[in-house]
Amino acid sequence: MNVSLVFTSLLPEHLLLAGILTLIAMDVIAGKPRAAMAFAIAVVGTACAAALALAADGYSATPFPGQLSVDPAALLAKALMLGLAVPALLLSREAFASRQFHILALSSLYGACLMVSADSFLTLFLGVELLSLPVYVLVLLAYQRPESAEAALKYLVLGGAASATLLMGASLLLGWSGSLELATFARALGSGEPLALAGSALVLLAFFLKAAVVPFHAWAPDAYEGASAPVTAFMAVLVKAGVLLAAVRLFGAAPLTGPLLGLVAVLPLASIVWGNLAAMRQQSFRRMIAYSSIAHAGYLFYAFLGDGALRFQAVAFYVLAYGVMNLLAFAALPPHADDVQRDRLDHLAGLFRRRPYAAILIAIAMFSLAGLPPFPGFVAKFLIFKNAIAAGHTLFAVLGLVGSYIGIYFYLRVVQYLFMNEEPHPTSHAGPGLAAFGAGALCLAAGIVISVLPGWVLGFL
């Protein structure tokens, strides 16, 4: 084994692992719990910088042949997820005084980084479990309402179902090809053999379960609502980013044909329509974001209808724009002692009159998630639909666009609460803490760069 090669190619993962072990040691030896957040951010920031530096250098290596390799795309995917994790960690300051959140968050990020470097189903499965297991605990960690336990259980059961489906699909592909290489999936897409198609369909359904695509979305609204705000932000952004970026590696540049083309087109379309329709009648902010994320999972899987060479660029840009704006909305949410009250849309009524800065930030996030120009979400959706049309899937692209128009209603409903509704029971309100303010500032700065210089950002992807 070439130690230098292993150390360099897995440098972001090594830094995360060192951070996890140090945080555990700090927890055992005791000390100041608040220092954990600063340390975790420093670790994630350093790992992000390492991944970016290696990607900029065009670094490619195969430390474990047949199991794991890195290339500039994998390193950029890691840098993207680690960069989005920084504001997510900042958001945790108000909800988590202990180190457990940071240990679990770094562990989950470690799994996400493994997933985007996987060359085999074994490594992919290991990454999926490392990504998911800490999140099951995170949903329960800041227990603030009785529904949290039920939400965590639903998430655990459906997450287990996704893992079992992935294993079953990989087993069928192993029986068809005699190999557990990830490239088997791309080869199976072009095969007309029933065993290959069944295996690839099961693997695809496992990814749909993890990304909460309709009809495999039932866990998401309860899990998002039952978790604390920082954990909901983590699930909505980091878990989805890990799953979709790993899906890009799974599909490779293989064209979609036959029955699987229908699966990738129809279920994401149903996800777009149902996610947007169901979000309209929600009174819980987190539940609304859950249905919004279900719709956005549909848009993201639409990227696989496009040309294989452009998939990574379209998905990475969408994940960046979607993640930054989701985190911005959570960073600007006004705090409240009662978690249920904080989560209600009524709590946002008249926010512009008492906290104009927070109201404007949430409005920017809503406009972007709706895909309105000139916000980042517009360019992200434009790329997805442009690639789908260029690949000849004009009908699906038009239907997806119609579905996205439905979503504009509930995003504008939030803006109505912010600027037009009166606060039902005026009370004194504390503003977001310094950490949440910093997270909002980071996301706003990133959003401005993406909006003003989308071509520059795309040039990196």
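An account of the accompanying structure is given in this report. Since we're looking at a predicted model, the values are computed, not measured.

**Notes on unusual backbone geometry**
- Going from Val 214 to Pro 215, the amide bond is cis rather than trans, its omega being 10°.
- Assignment of secondary structure puts Pro 215 in the loop between α9 (194–211) and α10 (219–226).
- Following Pro 373, the chain continues into Pro 374 via a peptide bond in cis, with omega recorded as 5°.
- Turning to its location among the elements, Pro 374 is positioned in the loop between α17 (356–370) and α18 (376–390).
- Despite not being glycine, Ala 212 shows a phi value in the positive range, around 60°.

**Quick word on the packing of aromatic side chains**
- Scanning all chains against the criterion turns up 14 aromatic pairs.
- Ring geometry for Tyr 302 against Phe 385: centres 6.0 Å apart, planes inclined by 80°, an arrangement best described as edge-to-face. Taken as a pair, Tyr 302 in helix α13 (residues 285–302) and Phe 385 in helix α18 lie far apart in primary sequence, 83 residues in all. The pair formed by Tyr 302 and Phe 385 is uniform in burial state, with each residue classed as buried.
- An aromatic cluster is built from Phe 185, Phe 208, Phe 251, Phe 301 and Phe 304, whose rings are joined through pairwise contacts.

**Observations concerning empty space enclosed by the protein**
- Overall, the coordinates contain 3 cavities of 30 Å³ or more when judged by the stated rule.
- There is about 50 Å³ of room inside the largest cavity.
- Only α7 (147–177) and α9 provide two or more residues apiece to the lining of the largest cavity.
- A total of 3 residues in the lining of the largest cavity trace back to one element, the largest contributor, which is α9.
- Across the lining of the largest cavity, the residue classes break down as 7 nonpolar, no polar and 1 charged.
- What lines the second largest cavity is simply His 296, Tyr 318, Ala 321, Tyr 322, Ser 368, Leu 369, Gly 377, Ala 380 and Lys 381.
- Elements with a contribution of two residues or more to the lining of the second largest cavity: α14 (311–332), α17 and α18.
- Of the residues belonging to the lining of the second largest cavity, the class tally is 5 nonpolar, 3 polar and 1 charged.

The rules behind the values
- Residues numbered from 1 in each chain as written.
- Predicted model: local features only at pLDDT ≥ 70, side-chain atom pairs only at ≥ 80, totals over all residues.
- Heavy atoms only, no water.
- Helix = DSSP H or I, 4+ residues; strand = E, 2+ residues; numbered from the N terminus.
- Phe/Tyr/Trp six-rings, centres within 6.5 Å; stacked < 30°, edge-to-face > 60°.
- Buried < 20%, exposed > 50% of the residue type's maximum accessible area, 1.4 Å probe, protein only.
- 1 Å grid on protein atoms, 1.4 Å probe; cavity = no way out; pocket = protein on both sides within 12 Å on 5 of 7 lines; lining within 4 Å.
- Points joined across faces, edges and corners; volume = space filled by probe spheres on them.
- Nonpolar A, V, L, I, M, F, W, Y, C, P; charged D, E, K, R; others polar.

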